[in-house]
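# Report on the structure
Chain by chain, the residues:
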Amino acid sequence: MQIHPDVAVGHDVHHNGDHGHHHQSFITKYVFSTDHKMIAKQFLITGMIWAIVGGLFSVLFRLQLGYPGQSFPILETFFGHWAEGGQIKPEFYYALVTMHGTILVFFVLTAGLSGTFANLLIPLQVGARDMASPFLNMLSYWFFWLAGIVMLCSLFVQTGPASGGWTMYPPLSALRQAGDGSKIGADLWLVSMALFIVSSLMGGLNYISTILNMRTKGMSMTRLPLPMWAIFFTAVLGVLSFPVLLSGAILLLFDRNLGTSFFLSDIVVNGEILPNEGGSAILFQHLFWFLGHPEVYIILLPAMGMVSEILSVNARKPIFGYMAMLGSLFAIAILAFLVWAHHMFVTGLNPFLGSVFVLLTLLIAVPSAIKVFNWLTTLWRGNIRFTPGALFSIGFVSLFISGGLTGIFLGNSTIDIHLHDTMFVVAHFHIVMGVASMFGMFAGIYHWFPKMYGRYLNTTLGYLHFWVTITGAYLIFWPMHYQGLAGIPRRYLDKSSWLSFNGFHDLDKMITVVSIVVFAVQLMFVFNFFYSIFKGRKVTTTNPWGANTLEWSTPVNPGHGNWEGEIPEVHRWPYDYGKDGRDFIPQTEPVGANESKH
C-alpha cells in the first residue's frame with residue numbers, strides 16, 4: 001500500500017528525500033535554509049572564518065612576545081595606530097588577547113563545533129527528517145551570525161575592542177574611564193555575547209527535544225550512538241548554564257550605562273572617589289565561572305562523542321564499555337556544575353570552601369580517566385585504519401591525557417596559588433580544551449565530509465595537516481608549563497625587563513616560529529576544505545567507511561528529508577563491528593536468531 005507523502009504518520013510528515021532540490025531559490029536553499037544539513041555547513045564555514053581571525057591574532061601577538069622590542073611593519077599594516085612603528089601598544093595587546101580568547105572559545109569551539117555537528121548528526125543518527133523545529137534552528141544560526149557581526153564591529157571602533165580579558169572581570173570592564181578597551185568596545189562585546197547566548201539556547205532546546213522525541217522506530221536511548229549522548233549532555237549543560245552568564249552580562253551593562261553597583265564598590269580612579277557602593281567584583285566571577293566551567297565541557301563533550309564513534313569505526317571493533325562511557329558522560333555533566341570556584345582560589349575564598357572545590361575538581365578526573373581507558377582499549381589490538389579522521393581522534397586522546405594531567409596541579413588550591421595567572425594556566429587549558437577540541441573538530445570534519453558534500457578531502461594534505469599540527473601543538477604549549485613553574489606571568493606584552501626570565505627568550509622565539517608554521521598549515525587545511533567541496537574525489541558508495549550508524553543509510557547527497565522512502569527501523573546498537581565473522585553489521589539489520597542482542 002502506498003501512502004501519500006502528505007498523509008504520512010508521526011515525524012515523516014516532512015517531504016520525500018529529494019523534495020529539497022525543487023522549487024527553491026538560492027536564498028531559501030543556501031541562506032535562510034531550514035535544512036539541518038545546510039545549517040550545519042553555515043555554522044562550520046562561519047566558525048572557520050572566525051578561527052582564521054582568532055588564530056591570526058595569536059600569531060601576531062606572538063611576534064611581539066617572541067621578539068620584544070623589535071619592529072614588524074606587518075603589525076602596523078593590520079592594526080594601524082594601535083601598532084605604530086610596527087610595535088603593538090601595551091593596552092592594545094590586552095585587547096588582542098581578549099578577542100583571541102573570546103573568538104576561539106565561543107565562536108569557534110562552541111558554535112563551530114556544537115553548531116556544526118549537532119545540526120549535521122542529530123537527525124541523521126536518530127532517524128529524523130529534520131530537527132524538532134527547523135525554523136528555530138535557522139534562527140539559532142542567524143543569531144550567532146548577528147553576534148559575530150557585532151563582535152566584528154567592535155574591532156573597528158575608534159577606541160578599539162574590549163580589553164578586559166575573555167573573562168571580562170570588573171572593575172576593569174565596568175568602568176569606562178579605566179581605558180580605551182573599556183569604552184564602546186566593551187558594550188559591543190556584552191551585546192554580542194547576549195546574542196550568542198540566545199543562539200546557543202535556541203540550538204540547545206532544539207537538540208534536546210529532537211533527541212528525546214524524534215527517534216525512529218527501534219532507536220531506544222541505549223541504542224543511540226555516543227555522539228548523540230555527548231551532544232545531548234552538552235545541550236543540557238548549555239541550557240542550564242548560559243542564562244547565568246547572560247544575567248552577568250546584562251548586569252554588567254547596567255553597571256556601565258545605568259549607574260548601578262552590582263559589581264562595583266569603594267573604587268578610586270585618578271584620585272576621584274566613585275559613588276558606587278555595595279557591589280562585588282567577586283559576584284561577577286561566580287556568575288562567569290558558573291558558565292565558564294561547564295563551558296569547558298560544552299566544548300569537550302561533543303569532541304569526546306565524535307572521537308568515540310570515529311575510533312570504533314576505524315579500529316573495526318565495538319566501542320569498549322558503552323554503558324561506562326554513558327555513565328562517565330553523565331558524571332562529567334553533573335560535576336561540571338560543581339567545580340566553578342576552582343577558578344577563584346586566589347580571590348580570598350574561604351580555605352575550607354576551597355578544599356571542597358579541590359575534592360570535587362579532582363573527582364572529575366575519575367570519569368575522564370574511564371573515557372581514556374575505554375578509548376585506549378577500543379584501539380588495543382584493533383585492525384586500525386589510519387585515516388586522517390582516526391589520526392586526529394588518536395591525537396585528541398593524547399592531548400586530553402597530557403593536558404588533563406596538568407589540571408591536577410591547578411585543581412589543588414595550594415599549588416594553584418603559585419601557578420595562578422602564570423603561563424602554566426595558558427599551557428594547561430590550551431592543550432586540554434583548545435587544541436584537543438580542535439582535534440575533535442578536525443576528526444569530525446575529515447570523517448563526515450563525505451556525508452556533507454559527497455566528496456572526500458585530500459588524504460595526503462590531511463596527513464600533513466595532522467603531523468605538523470600535533471607536533472606544533474606540543475612544541476608551542478608544553479614549554480609554557482616550565483615558564484609557568486618559573487613564575488612567568490601570562491598576558492604580559494614584554495617580559496624582557498625581568499632579569500630572572502631572560503633564560504626563556506630563546507624558548508619564546510621558538511614558540512613564535514612554530515606557531516607561524518602551525519597557522520600556515522591550518523590555512524592549507526582551509527584550502528583543502530574549499531577545494532575538495534568542488535574538486536574532491538567523488539563518493540561512489542553510501543557507506544564509504546563501513547560504519548553502522550543511520551547517516552550512512554541515506555543517499556550520497558541526501559535532500560531535505562534525508563531518506564527517500566520510509567525512515568529505516570533500528571534493530572541493534574551502533575557498534576557491531578567484527579561480530580560473527582562479519583566486518584560490520586548496520587543498525588538497520590534485524591538481529592539473527594542465534595545473535596546476542598544489544
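For the structure, see preceding data.
So, a few notes on the structure that sits alongside this text.

### Topic: the packing of helix H13 (residues 388-411) against helix H15 (residues 423-453)
Remark: H13 packs on H15, axes separated minimally by 8 Å, with the N-to-C direction vectors making an angle of 160°. The angle between H13 and H15 places the two elements in the roughly antiparallel class. Taken as a pair, H13 and H15 cross one another with a handedness that is left-handed. Of the residues contributing to the contact of H13 with H15, the split by class is 17 nonpolar, eleven polar and no charged.

### Examining a nonpolar patch on the surface
Judged by side-chain polarity, Leu362, Leu376, Ile401, Leu405, Ile408, Phe409 and Ile415 come together as a nonpolar surface patch covering roughly 560 Å² of accessible area. Counting residues per element, the nonpolar patch draws most heavily on H13, which supplies four residues. Topologically, Leu405 is positioned in helix H13.

### Quick word on the environment of Val268
Among the structural elements, Val268 can be located in strand S1 (residues 268-269). Residue classification places Val268 among the exposed residues on the basis of a relative accessible area of 54%. Sequence-wise, Val268 and Ala369 are 101 residues apart; in three dimensions their C-alpha atoms are separated by 48 Å.

### Some details on the packing of aromatic side chains
A complete count under the given rule lists 57 aromatic pairs for this structure. For the ring pair Phe449 and Tyr453, a centre distance of 5.0 Å and an interplane angle of 40° mean the geometry is tilted. With Phe449 and Tyr453 both in helix H15 and four residues apart, this pair spans about one turn of that helix. Accessibility assignment for this pair places Phe449 and Tyr453 in one class, buried. The ring of Tyr453 carries Lys41 above its face, with NZ or CZ at 4.7 Å from the centroid.

### Structural notes on the nonpolar core
Core analysis: the largest hydrophobic core is formed by 187 residues, its most contacted members being Phe106, Trp375, Phe396 and Phe529. The element that contributes the greatest number of residues to this core is H15, accounting for 19 residues. In this structure Phe106 touches Ala111, Trp166, Met193, Phe196, Phe242, Leu245, Leu291 and Glu295, once residues within four positions along its chain are discounted.

### Brief notes about the pattern of salt bridges
What the rule picks out here adds up to ten salt bridges. Of the charged contacts, one joins Asp180 and Lys183 as a salt bridge, the two residues approaching to 3.6 Å between their closest N and O atoms. Given the relative accessible area of 41%, Asp180 is considered partly exposed. A salt bridge links Arg256 to Asp187, with the shortest nitrogen-to-oxygen separation between them at 2.8 Å. Within this pair, whereas Arg256 is found in helix H8 (residues 226-257), its partner Asp187 is found in helix H7 (residues 184-213), the two being separated by 69 residues in sequence. Ionic contacts of the salt-bridge type, sharing partners, join the residues Arg176, Asp187 and Arg256 into one network.

The rules behind each value
Residues take numbers from 1 onward in each chain, read along the sequence in its written order. pLDDT decides what is reported in this predicted model: residues at 70 or higher carry local features, side-chain atom pairs at 80 or more are listed and counted, and totals for whole chains, interfaces and linings draw on all residues regardless. Remark: hydrogens and water are excluded; side-chain values derive from all non-hydrogen atoms of the structure. Axes here mean lines fitted to C-alpha atoms, for a helix over just the part in contact, with angles spanning 0 to 180 degrees between N-to-C directions. A helix here means a DSSP run of H or I that spans at least four residues, while a strand means a run of E at least two residues long, and both kinds are numbered starting from the N terminus. Angle categories are assigned with fixed cut-offs, so that under 35 degrees is roughly parallel, over 145 is roughly antiparallel, 65 to 115 is roughly perpendicular, and the rest are oblique. Note: crossing handedness is left-handed where the near helix turns anticlockwise from the far helix by less than a right angle, and right-handed where it turns clockwise. Amino acids are sorted into nonpolar (Ala, Val, Leu, Ile, Met, Phe, Trp, Tyr, Cys and Pro), charged (Asp, Glu, Lys and Arg) and polar (every other residue, Gly among them). For patch detection, residues must exceed 30% relative accessible area and be free of salt bridges, and they are connected within 9 Å for like charges or within 5 Å for nonpolar side chains (Val, Leu, Ile, Met, Phe, Trp, Tyr). For every accessible area listed, the method is Shrake-Rupley and the probe measures 1.4 Å; residues are considered covered only by the protein chains on display. Salt bridge, as applied in this entry: a Lys or Arg side-chain nitrogen positioned within 4 Å of an Asp or Glu carboxyl oxygen. Think of it in three bands: residues with accessible area under 20% of the maximum for their type are buried, residues over 50% are exposed, and the middle band is partly exposed, with areas taken using a 1.4 Å probe on protein chains only. Here a Phe, Tyr or Trp ring, Trp counted by its six-membered ring, pairs with any other such ring whose centre lies within 6.5 Å, and the pair is stacked when the planes are under 30 degrees apart, edge-to-face when over 60, and tilted otherwise. Working rule: Lys NZ or Arg CZ, within 6 Å of ring centre, within 35 degrees of ring normal, means a charge sits over the ring. In these notes, a set of buried Ala, Val, Leu, Ile, Met, Phe, Trp, Tyr and Cys residues joined through side-chain atoms within 4.5 Å is what counts as a nonpolar core. Two residues qualify as a contact provided that any one of their heavy atoms is within 4.5 Å of a heavy atom in the partner residue.

Geometric values such as these leave the question of function open.
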